[in-house]
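Structure assessment
Given next are the chains, with one letter for each unit.
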Amino acid sequence: MKFAVLTCVSAVAVSLALSAGVEAQSRDSIRIVGSSTVFPFTTAASENFGATSGFRTPVVESTGTGGGMNLFCGGVGLRHPDITGASRRMLPSEFELCRRNGVREITEIPVGYDGIVVTRAAGTPSIDFQRRDLFLALAFTIPMPVDDAGEPVFSASGQMLADRDFNDVAGYSCEAFIPNPHRRWSDVSNDLPSDRIEVIGPPPTSGTRDSWIELAIQPGARQIDCLDGLRSSDRNRFEEISSRLREDGPWIDGGENDNVIVQTVANSGTAVGVFGYSYLEQNMDRLVAATIEGVEPEYDDISEGVYPIARSMFVYVKNQHVAAVPGIREWVEELTSEDAFGPFGYLADRGLVALPEAARDEVREGARALTPMTGIDAH
């Protein structure tokens, strides 16, 4: 009887081993998913890795930050990706999703900085946007516009009252909110052109969208006094108002492929595009960038945090796959080499803004040791 039990256990083990062997054979290269903004960097590192290391070139997919996190945190096993790129830090909810699905050893690699740029086609006049302008142009609802006497300029349904115009707007009251009535940039501010508001940007699954809300739209909302007060008195209500973009045409979800947004904007007279600085770097002959509160999206200003809409780029590695997928550790070494993510590395040619030297050294040490994350603080 004991022999029969051992034979049965042995047969199951052999079956699992054979099954794992078939799966491993179909996964003889690293699989990387994630942010469309990080995609040029992980792609470049993977191409160089494949050309110089003796390992197969990794397969890199642009799925968006949120989509990449869902795939990455889906579980442990070779049908799940090994690495994901993110244009924001992993959320606490995503970290918990990973843990629930058995992904318990994750190395976080901050690879550098990127700025979110606001662009138009080359040859069009440059614009300087206040972040307040961007909120007022793109928010789903806005506080009630009022005149000098504090009287409403619009009805509760968002229709301008008789004998009124946008020049009557002297401020905003958070006692009421209306559907966004602005159709032209000049409706928002007399300092902006009369062009129709048409902004093509990242979809909700994109980390760039999250960063756009956090770094541009919400700070713009806080530049309106009553909304800044609302943030202190009712944080949830403020988040609701300041996080939802328009769905009536002026904001257009452009999909996860930023090159499509670039092409659409470059071929348009007045449309505005929102995407990562790296795509501007590669298309300087086709695009002109707006300044944000007087600051141009330039390398040094992004690196030093002067440019208002700058953010960190991340790569996350599933340590539990290192023993099963050839080359993960070596790919991490490639990514964190000076030839890659240094200020004169080939990723800088793709638009990555390098970390300071001391930070690069610290990141490199932790990444190559595959030091696992212990948690993420909620914002």
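Before going into details, it helps to say that this report is about the structure given with it. (Residues numbered from 1 in each chain as written. Predicted model: local features only at pLDDT ≥ 70, side-chain atom pairs only at ≥ 80, totals over all residues. Heavy atoms only, no water.)

A look at the packing of aromatic side chains
The cut-off we apply is this: Aromatic pairing here means that ring centres of Phe, Tyr or Trp (its six-membered ring) are within 6.5 Å. Orientation follows from the plane angle: under 30 degrees is stacked, over 60 is edge-to-face, and everything else is tilted. A run of H or I in DSSP counts as a helix once it spans at least four residues, and a run of E counts as a strand once it spans at least two, with each numbered from the N terminus. Note on classification: 1.4 Å probe, protein chains only; a residue is buried when its accessible area is under 20% of the maximum for its type, exposed when over 50%, partly exposed between these limits. We call a charge positioned above a ring when the Lys NZ or Arg CZ atom is no farther than 6 Å from the ring centre and deviates by at most 35 degrees from the ring normal.
With the rule as written, the count across this model stands at six aromatic pairs. Their ring planes at 50° and their centres at 4.9 Å tell us that F129 and W185 sit as a pair that is tilted. Here F129, found in strand β5 (residues 128-129), pairs with W185, found in helix α6 (residues 185-188); they are 56 residues apart in sequence, far enough to count as distant. Note on F154 and F166: the rings are 5.7 Å apart at their centroids and 50° apart in plane angle, and the pair reads as tilted. Of this pair, F154 sits in the loop between β6 (141-146) and β7 (171-179) while F166 is found in the loop between β6 and β7, placing the two residues twelve residues apart along the sequence. A residue is classified by how much of its surface remains accessible, and F166, at 23% relative accessible area, is partly exposed. Geometry around F177 places R237 over its ring, the cationic atom sitting 5.1 Å from the centre. Its end group placed over the ring of F72, K318 keeps NZ or CZ at 4.8 Å from the ring centre.

With respect to the side chain of S242
Quick note on the threshold: Counted as a polar contact is a pair of N or O atoms within 3.5 Å, where, for protein atoms, one must be capable of donating a hydrogen and the other of accepting one, and residues adjacent in sequence contribute only when both atoms are in side chains. Contacts are residue-level and defined by heavy atoms, with any inter-residue pair within 4.5 Å sufficient.
Tracing the backbone through its elements, the reader meets S242 in helix α9 (residues 235-243). Under the relative-accessibility criterion, S242 is labelled buried at 1%. A distance of 2.7 Å separates a polar side-chain atom of S242 from the backbone oxygen of F238. Non-local contacts of S242, meaning those with residues more than four positions away in its chain, are made with F135, I213, I217, Q218 and A221.

A word on the nonpolar core
This is how the line gets drawn: Buried residues of nine kinds, namely Ala, Val, Leu, Ile, Met, Phe, Trp, Tyr and Cys, make up a nonpolar core once their side-chain atoms join them within 4.5 Å.
Ranked by size, the top nonpolar core spans 58 residues in total, and within it F129, F135, L138, W185 and W212 carry the most contacts. The dominant element in this core, judged by the number of residues it contributes, is helix α7 (residues 207-222), at six residues. Once residues lying within four places of it in the same chain are set aside, the contact partners of W212 are I116, V118, L134, L138, I217, L245, W251, V274 and I309. Core analysis: the next-biggest nonpolar cluster, separate from the first, contains 30 residues, A44, I83, I328 and L352 among them.

Thoughts on the packing of α7 against α9
What counts here: Note on method: axes are straight lines fitted to C-alpha atoms, helices fitted across the in-contact stretch only, with angles between N-to-C directions ranging 0 to 180 degrees. Angles are sorted into four bins: roughly parallel if under 35 degrees, roughly antiparallel if over 145, roughly perpendicular if 65 to 115, and oblique for all others. In this scheme, a crossing is called left-handed if the near helix is turned counterclockwise away from the far one by less than a right angle; it is called right-handed if the turn is clockwise. The nonpolar class holds Ala, Val, Leu, Ile, Met, Phe, Trp, Tyr, Cys and Pro. Asp, Glu, Lys and Arg form the charged class, and all remaining residues, Gly among them, are polar.
At a closest axis distance of 9 Å, the pairing of α7 and α9 adopts a crossing angle of 115°. Compared by their axis directions, α7 and α9 come out roughly perpendicular. In terms of crossing hand, the pair formed by α7 and α9 is right-handed. Across the interface between the two elements, I213, I217, Q218, A221 and R222 of α7 pack against F238, E239, S242 and S243 of α9. Here the contact of α7 with α9 is built from residues that sort into four nonpolar, three polar and two charged.

Regarding the state of the cysteines
Rule in force here: Cysteine sulfur atoms that come within 2.5 Å of each other are treated as a disulfide pair.
As enumerated under the stated definition, the model contains two disulfides in all. Here C73 pairs with C98 through a disulfide, and the sulfurs are 2.0 Å apart. Here the disulfide of C73 and C98 is left-handed, its torsion about the S-S bond being about -70°. Residue C73 is located in the loop between α3 (65-72) and β3 (83-86), and its partner C98 is located in helix α4 (residues 92-100); the two are separated by 25 residues in the primary sequence. The same class applies to C73 and to C98, which are both buried. Numbered by position along the chain, the disulfide-linked cysteines of the protein chain connect as 1-2, 3-4.

Focus on the layout of surface pockets
Taking a probe equal in size to a water molecule and rolling it over the atoms shows the remaining empty space. For clarity, the threshold we go by: The method works on a 1 Å grid over the protein atoms by themselves. A cavity is a set of points holding a 1.4 Å probe that cannot get out, a pocket is an open set with protein on both sides within 12 Å along at least five of seven lines, and residues with an atom within 4 Å of a point line them. Grid points are joined across faces, edges and corners, and a volume is the space filled by probe spheres set on the points.
Reported here for the second largest pocket is a volume of approximately 230 Å³. Lining the second largest pocket are 14 residues, and of these E108, P110, E362, G366 and T371 sit closest to its centre. Here the lining of the second largest pocket is built from residues that sort into six nonpolar, five polar and three charged.

Looking at a negative patch on the surface
The condition that has to hold: Two joining distances apply to patches: 9 Å for like charges and 5 Å for nonpolar side chains (Val, Leu, Ile, Met, Phe, Trp, Tyr), and every residue must have over 30% relative accessible area and no salt bridge. Here, Shrake-Rupley sampling with a 1.4 Å probe gives the accessible areas, and only protein chains in the shown set may cover a residue. By definition, a salt bridge exists where a carboxyl oxygen of Asp or Glu is found within 4 Å of a side-chain nitrogen of Lys or Arg. By the counting scheme adopted, Arg and Lys are positive, Glu and Asp are negative, and His together with the chain ends is not counted. One atom stands in for each charge, and that atom is NZ of Lys, CZ of Arg, CG of Asp or CD of Glu.
On the surface, E296, E298, D300 and E304 cluster together into a patch of negative charge. With respect to the helices and strands, D300 occurs in helix α12 (residues 299-303).

A closer look at α4
Rules: The arc refers to the directions leading from the helix axis to the C-beta atoms.
When α4 is considered as a whole, its buried residues turn out to be E94, F95 and C98. All buried residues of α4 project into a common sector of 105° when viewed along the axis, lining one side. Buried residues along α4 sit in contact with α3 and β4 (106-121). At the exit of α4 stands G102, carrying a positive phi of roughly 85°.

A word on helix α10 (residues 258-266)
Each full turn of the α-helix corresponds to 3.6 residues, which orients residues three or four apart in the same direction. Of the residues making up α10, those classed as buried are D258, I261, V262, V265 and A266. Buried residues in α10, looked at end-on, bunch into an arc of 125°, giving them a common side. On the buried face of α10, the contacting elements are β4, β8 (199-201), β10 (272-276), α11 (277-281) and β11 (287-289). The N-cap of α10, judged by a side-chain oxygen 3.0 Å from the amide nitrogen of N259 a few residues on, is N257.

Brief notes about the pairing of strand β1 (residues 31-34)
Just so we agree on the cut-off: Following DSSP output, two strands are said to pair if at least two bridges run between them. Convention used here: a crossover is right-handed provided that the path from the first strand, over the helix, to the second strand proceeds clockwise when the strands point away from the viewer.
Burial along β1 is two-sided: R31 and V33 facing one way and I32 and G34 facing the other are all buried. In this structure, β1 lies alongside strand β2 (residues 59-60), joined through two bridges in parallel fashion. Bridge pairing in β2 places R31 opposite V59. Regarding topology, helix α2 (residues 39-52) serves as the crossover connection from β1 to the parallel β2, and that connection is right-handed. Sheet topology note: the β1/β3 ladder contains three bridges and is parallel. Within β3, the residue paired with I32 across the bridge is I83.

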